[in-house]
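Observations on the three-dimensional arrangement
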Amino acid sequence: MDNLIQLFSDTNSTAWYLLLIGSFLGGIIASISPCSLAMLPLIIGYVGGYSKETPFRTFLQLSCFILGTAIVFTLIGIACALTGNVFASAMGGYFTVLIASLLLVMGLKLLEIIEIETPTIIKSMPKNSTNSIFVYPILLGITFALAGTPCSTPILAGIMAFATIGKNLSLAILMLFLFAMGQGVILILAGLFTSSLKNLRALSNFTEWLLKFSGALLILASVYLYWKIFAPLI
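Overview of the structure.

What to know about the packing of aromatic side chains
A complete count under the given rule lists four aromatic pairs for this structure. Centroid distance Phe73 to Phe179: 5.3 Å. Interplanar angle 85°. Geometry classified as edge-to-face. In this pair, Phe73 is assigned in helix α4 (residues 55-91) and Phe179 in helix α8 (residues 169-192), connecting sequence segments 106 residues apart. Neither residue differs from the other here; Phe73 and Phe179 are each classed as buried. Ring centres 5.6 Å apart and planes at 10° place the aromatic pair Trp209 and Phe213 in the stacked group. With Trp209 and Phe213 both in helix α10 (residues 204-230), this residue pair falls four residues apart, about one helical turn.

As structure tokens, then:
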């Protein structure tokens, strides 16, 4: 258990560099998954991107939306690191078993072996009728991040699990921040080049494969954690 914690607590560990890259890519994968792509027109419309605006104004509005999501995910990163310290000390190896179990469930969810209903609130949000550039998009981004989407939740939960194991505050924050930035890349491109939405939807078959691949990685990660915990007992 101590070696496992040390692996994810060392800022020079190769594992952390891989997790940081994976967090950013996870945000991109989550944003181009079929159900997320279906919500892109709604998000852009609510933020204000489909109104008669200049590309620069649309860019500002969508950037503020992403800032709102980043604020929430940064706070989640802080919570993960702090709770990791508390629960790892109190529960010992049981805490890692809990995290491994979470990774396993989220992996099975992405592989569509099990089904877990996750909340989404974006469809019930009011549109940006005041055409606010900063305040409304940030608030909508905060709401969107808190509500989550069916496709991003498993990947996000996996990232949170590793951030919790690591107990490193700065790296946990960076992981969740990079996830938010990854989600924002496709949103910005779709907002500035709305015609590209049709091309993005053409990627749905490919992104379904990516989601399943991500699910397999989460399951392998859970198996690795189980092995690190139980191998010494065999």
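That was the structure; now back to the text.
A short note on the nonpolar core
With 56 residues, the main nonpolar core has Phe65, Phe73, Leu103, Ile155, Met175, Leu176 and Leu187 as its most contacted residues. Listed by contribution, the elements that provide at least two residues to this core are α2 (14-31), α3 (34-47), α4, α5 (93-110), α6 (135-147), α7 (152-166), α8 and α10. Take this core: its biggest share by element is ten residues, from α8. In this structure, Ile155 is in contact with Gly26, Ile29, Ala30, Leu110, Phe179 and Leu211, ignoring residues within four places of it in sequence.

Let's talk about the environment of Tyr46
Within the secondary structure layout, Tyr46 lies in helix α3. A sequence separation of 90 residues divides Tyr46 from Tyr136, and the C-alpha atoms of the two residues are 9.4 Å apart.

Here we look at the packing of α3 against α8
In contact at an axis separation of 10 Å, α3 and α8 are set at 70° when each is read in the N-to-C sense. If you check the angle between α3 and α8, you find them roughly perpendicular. Where α3 crosses over α8, the two elements pack in a sense that is right-handed. Facing α3, whose interface residues are Leu40, Ile43 and Ile44, α8 presents Ile186, Leu187, Ala190 and Gly191. Of the residues that constitute the contact of α3 with α8, the class distribution is six nonpolar, one polar and no charged.

Conventions adopted
- Residues numbered from 1 in each chain as written.
- Predicted model: local features only at pLDDT ≥ 70, side-chain atom pairs only at ≥ 80, totals over all residues.
- Heavy atoms only, no water.
- Phe/Tyr/Trp six-rings, centres within 6.5 Å; stacked < 30°, edge-to-face > 60°.
- Helix = DSSP H or I, 4+ residues; strand = E, 2+ residues; numbered from the N terminus.
- Buried < 20%, exposed > 50% of the residue type's maximum accessible area, 1.4 Å probe, protein only.
- Core = buried A, V, L, I, M, F, W, Y, C linked by side-chain atoms within 4.5 Å.
- Contact = heavy atoms within 4.5 Å.
- Axes fitted to C-alpha atoms, helices over the stretch in contact; angles between N-to-C directions.
- Parallel < 35°, antiparallel > 145°, perpendicular 65-115°, else oblique.
- Left-handed = near helix turned anticlockwise from the far one by under 90°.
- Nonpolar A, V, L, I, M, F, W, Y, C, P; charged D, E, K, R; others polar.

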